[in-house]
Amino acid sequence: MKVVKTIPELKEFVQTEKKAGRQIGLVPTMGFLHEGHLSLAEKARKENDIVIMTIFVNPLQFGPGEDFERYPRDLERDEKLAASAGVDCLFVPEVEEMYPQPSIITMTVTGRADKLCGEKRPGHFDGVATVVTKLFHLTEPDKAYFGLKDAQQFAVIAGLVESLNFPVEVIGVETIREEDGLAKSSRNVYLTEDERSKAPHLQKALQLGVQTAERGKKSPAEIKQLTNDYLQSHAGAAVDYVELLSYPELEPLEKAHGKMILAAAIKYSKARLIDNIIFNLN
Ligand code: PAF
């Protein structure tokens, strides 16, 4: 596996592969890799000739007081894991490499970003769209892989690609979970023992909400209320939001119908966890 830190080195790698007619799969990450990231890399490995993974903790997508400085980082371990997942090129730029001077243009996401995490983290998806745009230009991927735990991020990136005609296919990959149902996340390391034991209730609450919707008797407001009540009494965390919306448009629903997302975010002492279930009702 080739590890590159600079944009010229990355471009040289990409140009060589493109000239040879090889198909590139991109896996953008912020590092501290876990099985979720590795499942993206393994899927990319199967579906492309070349896999490029990027590890970059992007300051533009962190708000004031968020965890940019203390976001977990372990490049040595990540390099080994990326190599074992079959990554061909690992791009690990410093902030100065990606943003050598304040940019005169950044992306503003005008749809799908004012709900869920976007509402709670103003500017977050503008930062994601800006860095993903740069990474698409730098790596010229045929396919790019994103985890569906960040379902709103996937909806925004799919919208970015569609709105601006990026020549890339974006692929959403199912969430990888611990045995007790907790979604794998780099931020799980922030949980105390007690919080870790209660955190699986996030997924259980969402399952309860979806089962209620499937039984067909409740309105979106009642489904959200039930999910919220379960979280309040079991998760031992502050509930940031519970939402039921159409997917991927993320519009409010009058009734639970069509393709939907039931999503929630909860806050523990040092970790904010998100999870969701995307489901269909006809
Ligand atoms: O999902 C992430 O890890 C990040 O938001 C991404 C897509 C790599 C952009 O920084």
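Within each chain, residue numbers correspond to sequence positions counted from 1 in written order. This being a predicted model, a pLDDT of at least 70 is required before a residue's local features are given, and a value of 80 or more before pairs of side-chain atoms are given or counted; all residues contribute to the totals for chains, interfaces and linings. Hydrogens are left out, water is left out, and the side-chain values use all remaining heavy atoms of the structure.

S.K.: So what's going on with the overall build of the chain? Which residues, and what values?
M.R.: Across its full length, the chain holds 10 helices and nine strands. Radius of gyration means the value over C-alpha atoms here, while the globule rule gives 2.2 Å times the residue count to the 0.38 power. Since a compact globule built from 282 residues should have a radius of gyration of about 19 Å, the 19 Å found for the chain is in line with a globular shape. Referenced to the eigenvectors of the C-alpha coordinate spread, the extents of the chain come out at roughly 60 × 40 × 40 Å. For the chain, the proportion of its 282 residues judged to be buried stands at 53%. Contact between two residues is taken to exist if any of their heavy atoms lie within 4.5 Å; hydrogens are not considered. For the chain, contacts bridging at least 24 residues in sequence account for 71% of all contacts bridging at least 6. Summed over its atoms, the accessible surface of the chain is roughly 13,600 Å², and 49% of this surface lies on carbon and sulfur atoms. We count a stretch as a helix when DSSP gives it H or I for four or more residues in a row; a strand needs E for two or more, and each element gets its number in order from the N terminus. The rule is simple: take the accessible area with a 1.4 Å probe, protein chains only, and divide by the maximum for that residue type; under 20% is buried, over 50% is exposed, in between is partly exposed. All accessibility values rest on the Shrake-Rupley procedure with a 1.4 Å probe; residue burial counts only the protein chains present in the view.

S.K.: Please provide a residue-by-residue account of the site of the ligand, values included.
M.R.: We call a residue near a molecule or strand as soon as one heavy atom of that residue lies within 4 Å of the molecule or strand. Every residue near the ligand is listed here: Pro 28, Thr 29, Met 30, Gln 61, Val 131, Phe 146, Asp 150 and Gln 153. Identification of polar contacts relies on pairs of N or O atoms within 3.5 Å, with a donor-acceptor requirement for protein atoms, meaning one able to donate a hydrogen and the other able to accept it, and with residues adjacent in sequence counted only if both atoms are side-chain atoms. In the environment of the ligand, an oxygen atom lies 2.6 Å from a nitrogen or oxygen atom belonging to the side chain of Gln 61. With respect to the ligand, the side chain of Gln 153 contributes an N or O atom lying 2.7 Å from an oxygen atom. In the shell around the ligand, the residues fall into four nonpolar, three polar and one charged. Only Asp, Glu, Lys and Arg are considered charged, only Ala, Val, Leu, Ile, Met, Phe, Trp, Tyr, Cys and Pro nonpolar, and every remaining residue, Gly among them, polar.

S.K.: Tell me what's going on with the sheet that holds strand S6 (residues 169-173), and back it up with residues and numbers.
M.R.: In this description, strands pair whenever DSSP reports at least two bridges between them. Here six strands make up an open sheet; going across it, the order is S1-S4-S3-S2-S5-S6 and the pairing parallel. Of all strands in the sheet, those bounded by a partner on one side alone are strand S1 (2-4) and S6. Mean inter-strand twist for the sheet, computed between neighbouring axes without regard to direction, equals 25 degrees. By the bridge criterion, three bridges tie S1 to strand S4 (residues 89-91) in an arrangement that is parallel. Axis geometry follows a simple rule: fit a line to the C-alpha atoms, using only the stretch in contact for helices, then measure angles between N-to-C directions, giving values from 0 to 180 degrees.

S.K.: Please set out the nonpolar core residue by residue, giving values where relevant.
M.R.: Put simply, buried Ala, Val, Leu, Ile, Met, Phe, Trp, Tyr and Cys residues joined by side-chain atoms within 4.5 Å make one nonpolar core. If you look at the biggest cluster of nonpolar residues, it comprises 46 residues, and the most contacted ones within it are Ile 52 and Phe 136. What Ile 52 contacts, discounting residues up to four positions off in sequence, is Leu 10, Phe 13, Val 14, Ile 24, Gly 25, Leu 26, Val 27, Cys 89 and Thr 139. Membership of the second largest hydrophobic core comes to 33 residues, among which are Phe 68, Val 210, Leu 244 and Ala 264.

S.K.: Mind laying out helix H9 (residues 201-215), listing which residues take part and the relevant values?
M.R.: One fewer than the residue count of a helix, multiplied by 1.5 Å, yields its expected span. The terminal C-alpha atoms of H9, which comprises 15 residues, lie 21 Å apart, in line with the 21 Å expected from a rise of 1.5 Å per residue. By the burial criterion, the buried members of H9 are His 201, Leu 202, Gln 203, Ala 205, Leu 206, Gly 209, Val 210, Thr 212 and Ala 213. Where H9 is buried, its residues touch helix H8 (193-198), helix H10 (220-234), strand S8 (258-267) and strand S9 (272-281).

S.K.: Go over the packing of aromatic side chains with me, naming the residues and quoting the values.
M.R.: Two rings from Phe, Tyr or Trp (for Trp, the six-membered ring) form a pair when their centres are within 6.5 Å of each other. A pair whose planes differ by under 30 degrees is stacked, one over 60 is edge-to-face, and the rest are tilted. All told, the structure shown has four aromatic pairs when counted by the stated rule. Ring geometry for Phe 62 versus Phe 68: centroids 5.5 Å apart, planes at 65 degrees, classification edge-to-face. Taking relative accessible area as the criterion, Phe 62 reaches 11% and is therefore assigned buried. The class of Phe 68 is buried, set by a relative accessible area of 19%.

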